[in-house]
Amino acid sequence: MPPLPSDTAAHPHASVARPLATLLPFYALVDIFDASVDRAPSGQAGHSGILIGWDSNESIRPLGTIRPLHSAVHDTLLAAIQTKPLVSLLCSPRLVNIDAGWTRELFRAEDIPTLCLPTLERLELDTWTAGPSTPPRVPPVFGPLRLKVLRLFTAVPPYILYPLLVATSSTLEVCDVYVEGWLSPDKLYEALLPSTPNIIDLTCVSNPSSFELDVFDQPYTPAFDRLLPHFEKLTRLFISATEISSDFLRLLPPTLRHLTIRSFNPRSTFTFSERMVKCLRDLSLELFLETFTVRDVVEDWEEEDLQVMVDACRARGIEFVLVPDSDSGLGDSD
C-alpha cells in the first residue's frame, strides 16, 4: 500500500497537513488507489484516492469519502466508485479558493445516477455545478436502491430528482435536496408520496426564477398541502414557501415537531395570513409542533403581524422564530 497522502498533498491550498486517516476516526483504511493526474497543471499532481473502510464495530460496512481532487480524475474516480460495494459515499468539497480544475466540476449533478450504487445506504453530494436544464435524449433510469440518507447540496435537475426519489421511496428516512428552479407540484407529489410511510427528516427547497413563476402563473395546490396528511413518521420538515400554503396548520401530521419554511420571493404561496392565526387560536385543532421557523425578508413582515404570530404560537407551546433571509442557510432546519 502506498504511504498515506497528507491533506496538503491532495490540495495545494490546504493550510494544515494531516493524514487522511484522521478524517475517518471510526473506520479502518483498507484500500487507497493512486489516480494519477496526468492532465493536471504542473505541480498539482499527487495522490488522489478513495478511502474504503469498514466499521470496527460491525462486519464489513464499507465507507467511501471523496475529498477535493483535481477535475482531471473525474472519469477515473467514477469508474473506481462503481467497483466498490460502498454503503456510504460522501462527496463534499472543501471551502477553498477556486483555481482552475480544483473542486470545480469534479462532481456534476448528472453524475448522480452513476453514484447511486445498489449497495448504498447513504449518499451525500455537495457541488454547485448544475446539470443540464433539459433532460438528455435517454433519461436516467434508476434500479432498485436502498438509500436511507440522501443529501444533495447541488442544483439537481428535476429530471434526475423525480425518478431518484421514486427509486428510494421504500427505504428513504432522511432526505435533503435543493433544486435551482421550479418543481412541478404534481410531479413532486407523485415522487414523494411513496416515501411518506418511512421518511423522518425532510428538506426540500427550490428556488424558481421569476420567469418560471410567470410561466406557471395559475392557481395550483402546493405539493406539501397534498403530502402532509400522508406522512407517518415525519418529525422535521424544511421546505420552500412555494411548496406550501398558509393553510398548512390544518394538514400537519401528528408526528411533526419542527417546521421551517424559507421564502425566496414575494410570490410564494406561503405568506402571513389571518388564517394561520385563526388556526393557532382554534383549540379544537391539535398541534404537536415544538418549533416553527420562517426564513424571510424581515421587512416584508409588519411588526404587528410578527407579534401576533409569536403570541399565538406561544399560547400553543410553539416557539416561533423569524430568521432574516440574509442569515438563512440551506439544509439547516434547526
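Everything quoted here is computed from the prediction, not taken from an experiment.

What to know about the side chain of Asp-296
Tracing the backbone shows Asp-296 in strand 11 (residues 291-296). Buried and unpaired, Asp-296 has no salt bridge, with Arg-262 as the nearest side chain of opposite charge at 8.3 Å. Not counting residues within four places of it along the chain, the set of residues in contact with Asp-296 comprises Ser-263, Trp-301, Leu-322, Val-323, Pro-324 and Asp-325.

Some details on the environment of Ile-200
Within the fold, Ile-200 resides in the loop between helix 5 (185-192) and strand 8 (201-206). Here the alpha-carbon distance between Ile-200 and Leu-172, two residues 28 residues apart in the chain, equals 8.5 Å. In contact with Ile-200, not counting residues within four places along its chain, are Glu-173, Lys-233, Leu-234, Thr-235 and Arg-236.

Looking at the nonpolar core
Grouped together as the largest cluster of nonpolar side chains are 75 residues, with contacts concentrated most on Leu-202, Phe-224, Phe-248, Phe-292 and Met-309. Per-element accounting of this core gives the leading share, seven residues, to helix 4 (residues 158-167).

Notes on the side chain of Thr-293
Along the polypeptide, Thr-293 turns up in strand 11. Judged by relative accessible area, which is 7%, Thr-293 ranks as buried.

Description of the pairing of strand 4 (residues 88-91)
In regular strands, side chains alternate between the two faces of the sheet. Burial along strand 4 is two-sided: the residues Ser-88 and Leu-90 and Leu-89 and Cys-91 are all buried. Here strand 4 pairs with strand 5 (residues 122-126) via four bridges, running parallel. Pairing of Leu-90 across the sheet is with Glu-124, part of strand 5.

Looking at the packing of helix 8 (residues 274-281) against helix 9 (residues 303-315)
Interhelical geometry of helix 8 versus helix 9 gives an angle of 20° and a closest axis separation of 9 Å. With respect to each other, helix 8 and helix 9 are oriented roughly parallel. For helix 8 against helix 9, the interelement crossing comes out left-handed. Residues Met-276, Val-277, Leu-280 and Arg-281 of helix 8 lie in contact with helix 9, whose contacting residues are Val-308, Met-309, Ala-312 and Cys-313. Partitioning the contact of helix 8 with helix 9 into residue classes produces seven nonpolar, no polar and one charged.

Focus: the environment of Asp-325
The topology assignment puts Asp-325 in the segment after strand 12 (319-324). A residue is classified by how much of its surface remains accessible, and Asp-325, at 24% relative accessible area, is partly exposed. Separated by 63 residues in sequence, Asp-325 and Arg-262 place their C-alpha atoms 8.0 Å apart.

A word on the packing of aromatic side chains
The description of two aromatic rings rests on the distance between their centres and on the angle between their planes. A full pass over the atoms with the stated rule returns four aromatic pairs. Between the aromatic rings of Phe-248 and Phe-292, the centroid separation amounts to 5.4 Å while the plane-to-plane angle is 65°, which identifies the pairing as edge-to-face. Remark: Phe-292 occurs in strand 11 and Phe-248 occurs in the loop between strand 9 (236-240) and strand 10 (258-262); sequence separation between them is 44 residues. Exposure remark for Phe-292: the relative accessible area of 2% places this residue in the buried category. The rings of Phe-248, Phe-292, Trp-301 and Phe-320 are connected pair by pair, giving a single aromatic cluster. Across the ring face of Tyr-189, the terminal group of Arg-226 is positioned such that the distance to the ring centre comes to 3.9 Å.

Side note on helix 8
Every buried residue of helix 8 is listed here: Met-276, Val-277, Cys-279 and Leu-280. Down the axis of helix 8, the buried side of the element spans an arc of 160°, and every buried residue falls inside it. Exposed and oriented more than 90 degrees from the buried face of helix 8 are Glu-274, Lys-278 and Arg-281. Tucked into the core, helix 8 has its buried residues touching helix 9.

Brief notes about the confidence of the model for the chain
When pLDDT is averaged across the chain, the result is 74; 66% of the residues are at 70 or more. Per-element confidence in the chain ranges from a low mean pLDDT of 29 for strand 1 (residues 27-31) to a high of 96 for helix 5. Scored below 50 in pLDDT, residues 1-60 shows 124 contacts in the model against residues more than four places distant or in partner chains. Contacts from residues 94-98, a stretch scored under 50 in pLDDT, to residues over four places away or in other chains number 11 contacts.

So, the pattern of salt bridges
In this structure the tally under the stated criterion is 10 salt bridges. Of the charged contacts, one joins Arg-226 and Asp-186 as a salt bridge, the two residues approaching to 2.8 Å between their closest N and O atoms. Separated by 40 residues along the polypeptide, Arg-226 in helix 7 (residues 223-227) and Asp-186 in helix 5 bring together distant segments of the chain. Owing to a relative accessible area of 30%, Arg-226 belongs among the partly exposed residues under this scheme. Between Asp-311 and Arg-314 there is a salt bridge, with its nearest N and O atoms 3.1 Å apart. With Asp-311 and Arg-314 both in helix 9 and three residues apart, this pair spans about one turn of that helix. By relative accessible area, Arg-314 is classed as exposed at 53%. Each of the salt bridges in this network shares a partner with another, and the network as a whole consists of Arg-122, Glu-124, Arg-151 and Asp-176.

Conventions used here
- Residues numbered from 1 in each chain as written.
- Predicted model: local features only at pLDDT ≥ 70, side-chain atom pairs only at ≥ 80, totals over all residues.
- Heavy atoms only, no water.
- Helix = DSSP H or I, 4+ residues; strand = E, 2+ residues; numbered from the N terminus.
- Buried < 20%, exposed > 50% of the residue type's maximum accessible area, 1.4 Å probe, protein only.
- Lys, Arg positive; Asp, Glu negative; His and termini not counted.
- Salt bridge = Lys/Arg side-chain N within 4 Å of Asp/Glu carboxyl O.
- Contact = heavy atoms within 4.5 Å.
- Core = buried A, V, L, I, M, F, W, Y, C linked by side-chain atoms within 4.5 Å.
- Pairing = 2+ DSSP bridges.
- Axes fitted to C-alpha atoms, helices over the stretch in contact; angles between N-to-C directions.
- Parallel < 35°, antiparallel > 145°, perpendicular 65-115°, else oblique.
- Left-handed = near helix turned anticlockwise from the far one by under 90°.
- Nonpolar A, V, L, I, M, F, W, Y, C, P; charged D, E, K, R; others polar.
- Phe/Tyr/Trp six-rings, centres within 6.5 Å; stacked < 30°, edge-to-face > 60°.
- Lys NZ or Arg CZ within 6 Å of the ring centre and 35° of its normal.
- Arc of directions from axis to C-beta.
- pLDDT = per-residue confidence, 0-100.

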